[in-house]
Amino acid sequence: MTPPRVHITTYGCQMNQLDAELVAEVLRASSAQLVADPKAADVLLFVTCSVREHAENRVFSNIGKLAPRKRREPHLVVGLLGCMAQEHGPAVRRRAPVIDLVCAPGRLAELPALIAEARAGRKREALDPPRGHADFAASDAALDDAEVRRPLCGSSPGSPGRGRGKTGQAYVVAMRGCDNFCSYCVVPLVRGPERCRPPSLILEEVRRLLGQGARRITLLGQAVNKYAAEEGGRRWDLADLLEKVAEMPGLARLSFITSHPKAMTERLAQVFRDVPAVTPYLHLPAQSGSEAVLERMNRGYTAEEYMDRVAMVRALRPDVAVASDFIVGFPGESETDFEATCRLVRRARFSGAFVFKYSPRPGTAAAERLADDVPDAEKRRRNNRLLALVEEITGEENRKFVGRTVRVFVEEISPRPHARKGSDPFFAAANPQSAIRDPQLRGRTPCNRIVVFDGPPQLVGTEVDVAVIDSGPLTLFATRIAPT
Ligand code: SAM
Ligand code: SF4
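The rules behind these values
Residues numbered from 1 in each chain as written. Chains lettered and ligands numbered in written order. Predicted model: local features only at pLDDT ≥ 70, side-chain atom pairs only at ≥ 80, totals over all residues. Heavy atoms only, no water. 1 Å grid on protein atoms, 1.4 Å probe; cavity = no way out; pocket = protein on both sides within 12 Å on 5 of 7 lines; lining within 4 Å. Points joined across faces, edges and corners; volume = space filled by probe spheres on them. Helix = DSSP H or I, 4+ residues; strand = E, 2+ residues; numbered from the N terminus. Nonpolar A, V, L, I, M, F, W, Y, C, P; charged D, E, K, R; others polar. Salt bridge = Lys/Arg side-chain N within 4 Å of Asp/Glu carboxyl O. Buried < 20%, exposed > 50% of the residue type's maximum accessible area, 1.4 Å probe, protein only. Near = heavy atom within 4 Å. Polar contact = N/O pair within 3.5 Å; in protein donor to acceptor, adjacent residues only side chain to side chain. Areas by Shrake-Rupley, 256 points an atom, 1.4 Å probe, with all protein chains shown as cover. Pairing = 2+ DSSP bridges. Axes fitted to C-alpha atoms, helices over the stretch in contact; angles between N-to-C directions. Contact = heavy atoms within 4.5 Å.

Peer 1: Give a detailed account of empty space enclosed by the protein, specifying residues and quantitative values.
Peer 2: Applying the stated criterion across every chain, the model contains two cavities of 30 Å³ or more. D19, P105, L143, R176 and R191 are the residues nearest the centre of the largest cavity, which is lined by 16 residues in total. The set of elements that each furnish at least two residues to the lining of the largest cavity consists of α1 (14–29) and α7 (133–149). Tallying contributions element by element places α1 first for the lining of the largest cavity, with four residues. Among the residues forming the lining of the largest cavity, the class breakdown is seven nonpolar, three polar and six charged.

Peer 1: Describe the pattern of salt bridges, naming the residues involved and giving the relevant values.
Peer 2: Applying the stated rule across the entire model yields 49 salt bridges. Measuring nitrogen to oxygen at the nearest pair gives 4.0 Å for the salt bridge that ties R442 to E411. Here the residue R442 occupies a position in strand β18 (residues 440–444), and E411 occupies one in strand β17 (residues 405–413), the gap between them amounting to 31 residues. Each member of the pair, R442 as well as E411, carries the same accessibility label: buried. For R442, the salt bridge identified is with E412, shortest N-O distance 3.3 Å. In this pair, R442 is assigned in strand β18 and E412 in strand β17, connecting sequence segments 30 residues apart. Judged by relative accessible area, R442 falls into the buried class, the value being 17%. Classification of E412 by relative accessible area gives buried; the value is 11%. Linked through salt bridges whose partners overlap, the residues forming this network are E333, E335, E339, E378, R381, R382 and R385.

Peer 1: I'd like a rundown of the layout of surface pockets, residues and numbers included.
Peer 2: The volume enclosed by the second largest pocket comes to roughly 400 Å³. In terms of residue count, the dominant contributor to the lining of the second largest pocket is β17 (three residues). Its residues assigned to classes, the lining of the second largest pocket shows 10 nonpolar, three polar and eight charged.

Peer 1: Tell me what's going on with the site of ligand 1, and back it up with residues and numbers.
Peer 2: Near ligand 1, the surroundings consist of 15 residues, among which Q222, P285, Q287, D325 and S359 are the closest. Take Q287: an N or O atom from its side chain is 2.8 Å from an oxygen atom of ligand 1. D325 places a polar side-chain atom, nitrogen or oxygen, 2.6 Å from an oxygen atom of ligand 1. Protein chains bury 91% of the 560 Å² of accessible surface belonging to ligand 1 in isolation. When residues of the shell around ligand 1 are traced back to their parent elements, those giving at least two are β15 (321–328) and β16 (352–357). For the shell around ligand 1, a count of residues per class yields six nonpolar, four polar and five charged.

Peer 1: I'd love a proper account of the pairing of strand β13 (residues 253–257), names of residues and values included.
Peer 2: The element β13 is extensively covered by neighbouring structure, given that five of its five residues are classed as buried. Strand direction decides the pairing type here: strand β10 (residues 216–220) and β13, joined by five bridges, are parallel. Along β13, the bridge assignment pairs I217 with L254.

Peer 1: Let's hear about the sheet that holds β10: which residues, and what values?
Peer 2: One open sheet accounts for three strands, arranged β7-β10-β13; its pairing is parallel. At either end of the open sheet lies a strand with only one pairing partner, and these are β7 (169–173) and β13. Pairwise comparison of adjacent strand axes, ignoring direction, gives a mean angle of 20 degrees for this sheet. With five bridges connecting them, β7 and β10 associate as parallel partners. If you follow Y171 over to β10, its bridge partner there is T218. Each of β7, β10 and β13 touches α1; the most contacted strand, β7, lies at about 95 degrees to it.

Peer 1: How would you summarise the pairing of strand β11 (residues 228–231) if you had to cite specific residues and measurements?
Peer 2: The pairing of β11 with strand β12 (residues 234–237) spans four bridges and is classified as antiparallel. Each residue of the ladder has a partner; that of A229, found in β12, is W236. Hairpin connection of β11 to β12: two residues between the antiparallel strands, including G232 at a positive phi of 60 degrees.

Treat this as a map of the structure, not an account of what it does.
Okay, here's the thing in structure tokens:
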């Protein structure tokens, strides 16, 4: 049989983005060919997210659209990977009969065999065991193996990072799974218990990625600040790990996501002050500002404790940008509860926040025990109100950057260029006769704010100083500073 031509579509969080890179590596090692165009593929893989029903519906709708093609090309293989695969198992084929193979996040190393069987007409699934650290040891070892071999995201044709073009950026898993069991969340059910990778493995992987040209490293975990390992006769927490990674030559920026408020220690906060490579950005989801709702969510902190953690970090390094996630319309959330969330948002002055409408997920404590009693129209109203409030504040915070010089890590050519703001004096000075303008580039400040400015494509993957000339709630508009 000819080697399969595989296309990967990725939905969801950074963890899924990384899973897609692992899939690519596992397949490359098995001589499959990765292709950028789904029409050129004979195997279509979907790395999926099951955190909200809306996300699942989008996947089902897109997979459903493949039915006519599957009738025309009966040998086309469609694979459901990631969290939805673990959640639904083989039953998923009742809703989406075009699916041939189903593969859980921990079993990605088995994909070449699953694909070969599907191409031979046998539908199969590889699912994670119900629970328990020991059960995951073998599949984690296989994932580690693929992870240490994978090339830098976007560095080869058809690799999943390519479309996103985030040159110089690499994610590295510090922890898999989650033990927090927030009452609304399906992640502990689909990704298994918390497992911390040994520091030596993480350091080796970072070293290799830096050697391949990565400049920005982000350590990943669902509650990454709970990282704890024992190796070389000592204990390691996340602060220890960050300090060690920061020593590596070639590293420009080091970040970590996501942090859990209940595990936010002073020791970790000190890293923002003491380790220059660690970026002043902390993703610390609050989820709600209401004590009663936080308790029903099983988050393990009060709103005051949350604010204390933010204050502790800012006392040590005042310019840390704190970003958050919120769920609105959680069971029993009253208008008073919602107002408490708005108050917390005003006090914390986030640099950004994701707002989600509560979505009951089968198997979670909230879905089993609490009535989804906030009507959808009300969830939508609260969602819009909270987003507007967040944007009012991020708009005010972003305005403080106008007139300042910021160092931008250039990620890509803007996929959807913004209307150009202000004049661009450097452009005019540098290219007085030229009618051809540079494209708009998109990058990040150290505090993770998005910056757009005109510049040559060669700047992608490098750091440059730019002057901020205007701002909006989500974006800073800048101009390049003439090189001296
Ligand atoms: N581990 C991270 C944390 O604790 O913040 C992120 C987990 S989850 C993939 C990302 C976000 O999705 C959560 O922070 C939460 O706001 C949201 N989320 C999770 N389950 C949800 C649900 N059932 N309904 C709506 N939003 C949900
Ligand atoms: Fe889900 Fe809570 Fe774990 Fe985050 S910390 S993945 S929200 S259970």
